[in-house]
Structures are given as structure tokens and as C-alpha cells.
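One letter stands for each residue in the lines below.
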2 protein chains.
Amino acid sequence: MSSTKDIDALIDLMAKLPGLGPRSARRAVLHLIRKRSLLLIPLADTLQAVAETARECLNCGNVGTTDICDICTSEKRANGELCVVEDVADLWAMERSGVFKGRYHVLGGTLSALDAVGPQELRIPRLLDRVPSEGITEVILALNATIDGQTTAHYIADNLEGQVRLTSLAQGVPIGGELDYLDDGTITAAMRARKSF
Amino acid sequence: MSSTKDIDALIDLMAKLPGLGPRSARRAVLHLIRKRSLLLIPLADTLQAVAETARECLNCGNVGTTDICDICTSEKRANGELCVVEDVADLWAMERSGVFKGRYHVLGGTLSALDAVGPQELRIPRLLDRVPSEGITEVILALNATIDGQTTAHYIADNLEGQVRLTSLAQGVPIGGELDYLDDGTITAAMRARKSF
Ligand SMILES: [Zn+2]
Ligand SMILES: [Zn+2]
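Fair warning: this is a prediction, and the values are worked out from it, not measured in the lab.

Calculation rules
Residues numbered from 1 in each chain as written. Chains lettered and ligands numbered in written order. Predicted model: local features only at pLDDT ≥ 70, side-chain atom pairs only at ≥ 80, totals over all residues. Heavy atoms only, no water. Helix = DSSP H or I, 4+ residues; strand = E, 2+ residues; numbered from the N terminus. Contact = heavy atoms within 4.5 Å. Donors = N, O, S within 2.8 Å, 3.2 Å for Na, K, Ca; no water. Tetrahedral: all angles 85-135°; square planar, octahedral: opposite > 155°, others 65-115°. Buried < 20%, exposed > 50% of the residue type's maximum accessible area, 1.4 Å probe, protein only. Least-squares fit on C-alpha atoms with pLDDT ≥ 70 in both. Arc of directions from axis to C-beta. Buried area = accessible area lost by both parts, 1.4 Å probe. Salt bridge = Lys/Arg side-chain N within 4 Å of Asp/Glu carboxyl O. Polar contact = N/O pair within 3.5 Å; in protein donor to acceptor, adjacent residues only side chain to side chain. Domains from an automatic or database assignment. Axes fitted to C-alpha atoms, helices over the stretch in contact; angles between N-to-C directions. Left-handed = near helix turned anticlockwise from the far one by under 90°. Nonpolar A, V, L, I, M, F, W, Y, C, P; charged D, E, K, R; others polar. Core = buried A, V, L, I, M, F, W, Y, C linked by side-chain atoms within 4.5 Å. Pairing = 2+ DSSP bridges. Right-handed = clockwise from strand over helix to strand, strands pointing away.

**Side note on the side chain of Thr4(B)**
Then, number 1: Structurally, the position occupied by Thr4(B) is in the segment before helix 1 (5-14).
Then, number 2: Not counting residues within four places of it along the chain, the set of residues in contact with Thr4(B) comprises Gly64(A), Thr65(A) and Asp70(A).

Okay, structure coming up:
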């Protein structure tokens, strides 16, 4: 190989990112080397900054730069509504749509018998604590329309039955669809037409 | 948006890489934050190292960590054969196949009337200098089988006519195909069956 050790190492690391394979990683690295001051150096600096500051919110699992995230500390978001999502990408998709004004709870995945993921592996115990302690009146189960997503929604609903209003996203979420793939309008429509779970 | 300034900046930078859009950039950044010690920190460090050391070879345009690259300084590669490619990704593809033992010349693109790219914008003057000064006996025009690639090959051939043997990659390169997309076996076959240009 003509490339040197650091460049090879960079290609290997880039190839580990979701959506990039060895070939696109090589293209990306050449692009970075060509755009040294415009892209390579800012990217190195910003990664360093994110490595130093980024952390998961201890309350909801959102990603931010403080132990408790901006949404969890904002009094404006304490409207009694709690939206449960699988991961942070779903929370971001929801925030981009701008339709939801309450708080979130990021599970960090779904229950899965196959992968031996039980409630303790997810943020489910914390969710069950938050509902009474934060005065939640409605839990919106915004999980993906997959089998594992719906199994997880049912598990949570069983455990919160009678304590709060339970709703789920309604029209607009296609069968087998994932929130993060939907456009903002679809998410907005699904949120507005949400139905009792 | 729930993400903070550095995280947003990181997403924007990642989205500028070839092959990544805004959505895959968000996925990549979440993946990086989750794999902080395994991926995020090594990537930040390696980018920093590459930013400090990577440069283009002043002779051939290859990417390396010295002013003159390893291939240009290796006496073993001075066998009189010079392989002309459009960009470094093509050189890497050629090196992976292992079939070529000579030196390279990376043009940095192709001639293009549409984009106003003339010989001076590419490394063509340097190529015309290298042929006599490095005792080149064969120039292999390994340009992509596109219209601009072939226009460029003809321009170079016209300027080197009578000075060296001119060849081009033969069988195996599909019409409209780009070197970097081909498997090693195809490149090896095309190199072995190269014909006079
Ligand atoms: Zn939070
Ligand atoms: Zn060189």
C-alpha cells in the first residue's frame, strides 16, 4: 500500500462508521486530505471538543454536554407529556418536526428475546420512576412500527396501566417504518392524530 | 434542536464528506458518541495526526507524509514504467492489485472544456518533464474510460509521441467504468493485457 500508517489507520476508523465501507472511507479520507484547512482540521478539532463534552443525559438518555440535558432542565417542557423513543436519532427527528412540546425518554433500544435485551438493559426502570416523580399525565409511546418496537410498547403500557394516559403515534407511520426515516410533515401528522394505546 | 453547538457542528462537517448526507451524518455522530473510547477519541487523534503529516508528493501527486513519496524514492520502482492515473484513489486501487511495479503520476483530474480544466490545472507539465528526466520507457495511460478521461489520454499521447512506448489498460475495463470501482482481478487482467495506445 502506498498510504502511510496514519492514513491507513484513518481509513480503517472511518470504515467503522455506519453507512461507510472501505471504499467510501478511502474516498472520504482523500477528500479530507484535499480539504485540509476547510474540513480536516475543523473536523479534528470538533471531534476533540465533542469527545470532551458529549454525554448522555442521566435522566432521559438524550445526548448533550451536561449531566442533565437542556430539555430535562427546561421548565417549559414540563407539561406532563412524556414521549418515549428508542434512540436519540428518533428524539432528534421528533424535535425537527417541532410538534412536541413535552419531554422525552430514550430507551436505548427495544426489548429483544433474540438478543437477550430485557427491561434492565434499557432505560425502562428509570421511565417507570419518572412517571410519578415528574407528574407525567400522558406517555406517548413513539416506538418504531417493528415487532420488537411494538413488544416494547406493550411491555411499558402493561407497567403504566392506570397511572397515566397512554397514547401511540397514529396515522402516517408506515408498517415496518422507522421514525428517523420519516419527513417532518409525516411525524407532525402522526403526532396530532395520536390515539389511545 | 436538542443537540448542542459542537454536536451540531460535527454533524454539519460529517455531512460534507462524500457518500454521507445529513441523515447518515447524524447516525455517524451518535455512533461516535456511543463508542467514545473505541472510535471517537481514536478518530479525533488520527485526524489530528493526518492533518499534521499528510501531504501530496511534489513529484507524482500521491498522498504520503513526506515531500517525495515512498514510491518515488524507491529505487525498486524505477523500472522505466510510469502509470498515469486521474487521482490517488486510482493509484491505491492499482497498488491493491499488486500487478504494477513501476512509478505513478497522479494528474489530479481530467481535462474538461466544460469545467475549464486545461493542462496547467492538472499535473501534465510535470509529467512531460518526468518522462525524459526519470528515463521512462513506457507510459501506461490508466485513465477512466470516460469521455474526459480518454480526451486527456489522447492529449498526453500527442505530447509524448515518439519519446516513449505508450500503452493503455485493455480488456476488463468496462465502458464508462472507473478504476476505483473495479475488483483487483479485473485490474490485474487489464494491466497484463495492456495494448499499444
Ligand atoms: Zn434529558
Ligand atoms: Zn511520488
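Further notes follow.
**What to know about the coordination of the zinc ion (ligand 1)**
Residue and element names in this part refer to chain A.
Then, number 1: The zinc ion (ligand 1) binds to the protein through Cys57 (SG), Cys60 (SG), Cys69 (SG) and Cys72 (SG); the donor distances cover 2.3 Å.
Then, number 2: Viewed at the metal, the four donor atoms of the zinc ion (ligand 1) are separated by angles of 105 to 113 degrees, and the geometry they form is tetrahedral.
Then, number 3: When the donor residues of the zinc ion (ligand 1) are listed from N- to C-terminus, their spacing reads C-x2-C-x8-C-x2-C. Of this pair, cysteine 57 sits in the loop between strand 1 (55-56) and strand 2 (63-64) while cysteine 72 sits in helix 4 (residues 70-73); the two residues are 15 residues apart in sequence, bridging distant segments of the chain.
Then, number 4: On the accessibility criterion, cysteine 57 (3% relative accessible area) is buried.

**What about the relation of the copies chain B and chain A?**
For the pair of chain copies, the relating transformation is a rotation about an axis with a translation along it.
Then, number 1: Turning chain B through 180 degrees and shifting it by 0.0 Å along the axis lays it on chain A, with an RMSD of 0.0 Å. What we have between these two chains is a two-fold relation. For chain B, the residue whose C-alpha comes nearest the rotation axis is Ala44(B), separated from it by 2.6 Å.
Then, number 2: Same-surface contact between copies: 100% of interface residues of chain B are shared with the interface of chain A.

**Section: helix 1 of chain B**
Then, number 1: Among the residues making up helix 1 of chain B, those that are buried are Ile7(B), Leu10(B), Ile11(B), Leu13(B) and Met14(B). Taken down its axis, helix 1 of chain B places every buried residue within 165 degrees of arc, on the same side. Facing away from the buried side of helix 1 of chain B by over 90 degrees, the exposed positions are Lys5(B) and Asp12(B).
Then, number 2: In this fold, the buried residues of helix 1 of chain B make contact with helix 3 (36-53), strand 2 and helix 5 (88-97) of chain A together with helix 2 (22-34) of chain B.

**A few points about the coordination of the zinc ion (ligand 2)**
A metal bound by six donors in octahedral fashion has ideal angles of 90 or 180 degrees, whereas one bound by four tetrahedral donors has an ideal angle of 109.5 degrees.
All names here are of chain B.
Then, number 1: For the zinc ion (ligand 2), every protein donor is listed as Cys57 (SG), Cys60 (SG), Cys69 (SG) and Cys72 (SG), and the spread of their distances is 2.3 to 2.4 Å.
Then, number 2: Because the angles between the four donor atoms bound to the zinc ion (ligand 2) fall within 104 to 114 degrees, the donor set is best described as tetrahedral.
Then, number 3: Between the donor residues of the zinc ion (ligand 2), the gaps in sequence give the motif C-x2-C-x8-C-x2-C.
Then, number 4: The class for cysteine 72 is buried, based on a relative accessible area of 10%.

**Some remarks on the interface of chain B and chain A**
By convention, interface size is frequently given as the accessible area that disappears when the constituent parts associate.
Then, number 1: Tallying the contact residues gives 57 residues for chain B and 57 residues for chain A.
Then, number 2: A buried area of about 5500 Å², summed over both sides, lies between chain B and chain A, and 70% of it is on carbon and sulfur atoms.
Then, number 3: Summed over the shared surface of chain B and chain A, the number is two salt bridges.
Then, number 4: Between Asp87(B) and Arg27(A) there is a salt bridge whose closest N-O contact spans 3.8 Å.
Then, number 5: Linking chain B with chain A are two residue pairs in polar contact (both at pLDDT 80 or more).

**Topic: the domain arrangement of chain A**
Then, number 1: Taken domain by domain, chain A holds domain 1 (5-53) and domain 2 (78-168).
Then, number 2: Here the C-alpha centre of domain 2 of chain A lies 34 Å away from the C-alpha centre of domain 1 of chain A.

**Things to note about the packing of helix 3 of chain A against helix 1 of chain B**
Then, number 1: Direction vectors running N to C along helix 3 of chain A and helix 1 of chain B enclose 145 degrees, while the axes themselves pass 9 Å from each other. Seen from above, helix 3 of chain A lies across helix 1 of chain B with left-handed handedness. The segment helix 3 of chain A lies against helix 1 of chain B, with Leu39(A), Pro42(A), Leu43(A), Thr46(A), Leu47(A), Ala49(A), Val50(A) and Thr53(A) engaging Asp6(B), Ile7(B), Ala9(B), Leu10(B), Leu13(B) and Met14(B).
Then, number 2: Looking at side-chain class alone, the contact of helix 3 of chain A with helix 1 of chain B contains 11 nonpolar, two polar and one charged residues.

**Quick notes on the nonpolar core**
Then, number 1: Membership of the largest hydrophobic core comes to 92 residues, with the highest contact counts inside it found for Met14(A) and Met14(B).
Then, number 2: Setting aside residues up to four positions removed in sequence, Met14(B) forms contacts with Leu17(A), Leu43(A), Leu20(B), Ala25(B), Ala28(B), Val29(B) and Leu32(B).

**What to know about the pairing of strand 4 (residues 103-106) of chain B**
Residues and elements named next belong to chain B.
Then, number 1: Burial along strand 4 is two-sided: the residues Arg103 and His105 and Tyr104 and Val106 are all buried.
Then, number 2: Of the strand pairs in this sheet, strand 3 (residues 81-85) and strand 4 are connected by four bridges, and their pairing is parallel. The residue of strand 4 that forms the bridge with valine 84 is histidine 105.
Then, number 3: Of the crossover connections in this fold, the one passing from strand 3 over helix 5 (residues 88-97) to the parallel strand 4 is right-handed.

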